[in-house]
Amino acid sequence: MEKTELLYEGKAKKIWKTSDTNLLISEFKDDLTAFNGGLKSSEEGKGALNNKISTELFKLLNEKGVQTHFVEMLDDNHMLHKACEVILIEVIVRNIATGSLSKNLGIEHGTVLPFTLVEFDYKNDALGDPKLNDQHCLILNLVKNEDELYEIRRMARKINDILKPYFFEKGLKLVDFKLEFGRDKNGAIILIDEISPDNCRFWDIESGESLDKDRFRQGKGGLKVAYENVLNRILG
Ligand code: 5GP
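Residues numbered from 1 in each chain as written. Predicted model: local features only at pLDDT ≥ 70, side-chain atom pairs only at ≥ 80, totals over all residues. Heavy atoms only, no water.

Asks: Explain the environment of His109 to me, please; I cannot follow it from the model alone.
Replies: You can see His109 is positioned in the loop between α2 (99–105) and β10 (112–122). A distance of 2.8 Å separates polar atoms of two side chains, one belonging to His109 and the other to Thr98. (Helix = DSSP H or I, 4+ residues; strand = E, 2+ residues; numbered from the N terminus. Polar contact = N/O pair within 3.5 Å; in protein donor to acceptor, adjacent residues only side chain to side chain.)

Asks: I would appreciate a short explanation of the pattern of salt bridges in the present structure.
Replies: Should the charged atoms of two oppositely charged side chains come close, the side chains can pair. Within the structure shown, the criterion is met by 25 salt bridges. Each member of the salt-bridge network shares a partner with another, and the members are Arg94, Glu119, Asp121, Lys131, Asp176, Arg201, Asp214 and Arg217. (Salt bridge = Lys/Arg side-chain N within 4 Å of Asp/Glu carboxyl O.)

Asks: When you look at the site of the ligand in this model, what are you seeing that I'm missing?
Replies: Not every one of the 15 residues close to the ligand is listed here, only the nearest: Arg94, Ser100, Asp176, Arg201 and Arg217. Where the shell around the ligand is concerned, the elements lending two or more residues are β9 (89–96), α2, β12 (172–183) and β14 (200–204). Here the residues of the shell around the ligand are counted per class, giving three nonpolar, three polar and nine charged. (Near = heavy atom within 4 Å. Nonpolar A, V, L, I, M, F, W, Y, C, P; charged D, E, K, R; others polar.)

Asks: How should the packing of helix α1 (residues 46–63) against helix α4 (residues 146–169) be read in this particular structure?
Replies: Interaxial distance between α1 and α4 falls to 11 Å at its minimum, and their mutual angle equals 120°. When the axis of α1 is compared with that of α4, the two are oblique. Relative to α4, α1 is oriented so that their crossing is right-handed. The segment α1 lies against α4, with Leu57, Leu60 and Leu61 engaging Ile159, Ile162, Leu163, Tyr166 and Phe167. (Axes fitted to C-alpha atoms, helices over the stretch in contact; angles between N-to-C directions. Parallel < 35°, antiparallel > 145°, perpendicular 65-115°, else oblique. Left-handed = near helix turned anticlockwise from the far one by under 90°. Contact = heavy atoms within 4.5 Å.)

Asks: Explanation requested: the side chain of Thr68 in the structure shown.
Replies: Inspection of the secondary structure puts Thr68 in the loop between α1 and β6 (70–75). In this structure Thr68 comes out as buried when scored by relative accessible area, which is 2%. At a separation of 3.1 Å, a polar atom in the side chain of Thr68 contacts the main-chain amide nitrogen of Phe70. For Thr68, the residues in contact, after removing those within four places along its chain, are Phe58, Leu61, Asn62, Lys82, Ile190 and Leu191. (Buried < 20%, exposed > 50% of the residue type's maximum accessible area, 1.4 Å probe, protein only.)

Here it is in structure tokens:
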């Protein structure tokens with residue numbers, strides 16, 4: 001399958017049309033951004049690592065009955081996936097408090113949450129991705145009805161129930177992560193985008209070290225080695 005026309009360029013990926021209107025190609029870029037584009041850089045090989053990590057995780061989730069847009073990895077930087085109607089909600093799943101949760105609500109960094117927290121952010125750069133509640137989602141027509149919200153939350157929790165023990169066995173705490181969903185041609189909610197250290201926080205169980213984009217956000221360096229470490233643990 002070949003790329004034809006550029007459909008959309010985001011911060012971390014380009015999305016290409018193909019000759020099949022039901023299929024798109026994501027090109028994973030080496031660009032790094034944080035703080036809503038306020039911090040920018042690039043790391044050679046980052047895109048390929050995220051493509052490989054996402055491929056393995058989408059395959060795992062598909063095997064466990066989670067519907068995703070994934071079709072196949074085409075080469076180092078390209079993934080073939082289903083075309084769908086994107087739902088403009090960033091679904092944040094949290095097991096341990098850190099980041100914006102600690103900052104906004106004063107919950108101490110590292111606090112294990114009593115249950116899995118699922119939050120919604122509006123996927124809107126111009127507004128700085130503000131928090132949404134269910135009524136906001138309905139008023140903004142981001143979802144068609146409450147059933148879609150229920151399904152998104154159900155899937156987000158199921159994905160966490162699969163990935164949290166999976167990473168724990170590999171010596172990593174899955175602290176939090178961001179998911180995106182879309183509607184396929186039949187209107188079913190499916191997981192889209194990517195699952196990678198760009199949108200997850202992983203802490204090494206032994207050392208507590210971050211193996212994710214926080215290395216860039218916090219100017220720590222060693223980002224590529226950290227992402228390679230995550231991929232190697234997945235490939236085990
Ligand atoms: P926080 O809200 O604490 O900044 O982020 C929570 C989790 O969601 C982190 O794992 C973070 O990587 C991810 N996340 C939140 N917003 C975004 C976003 O706009 N882009 C990406 N790539 N990840 C995000």
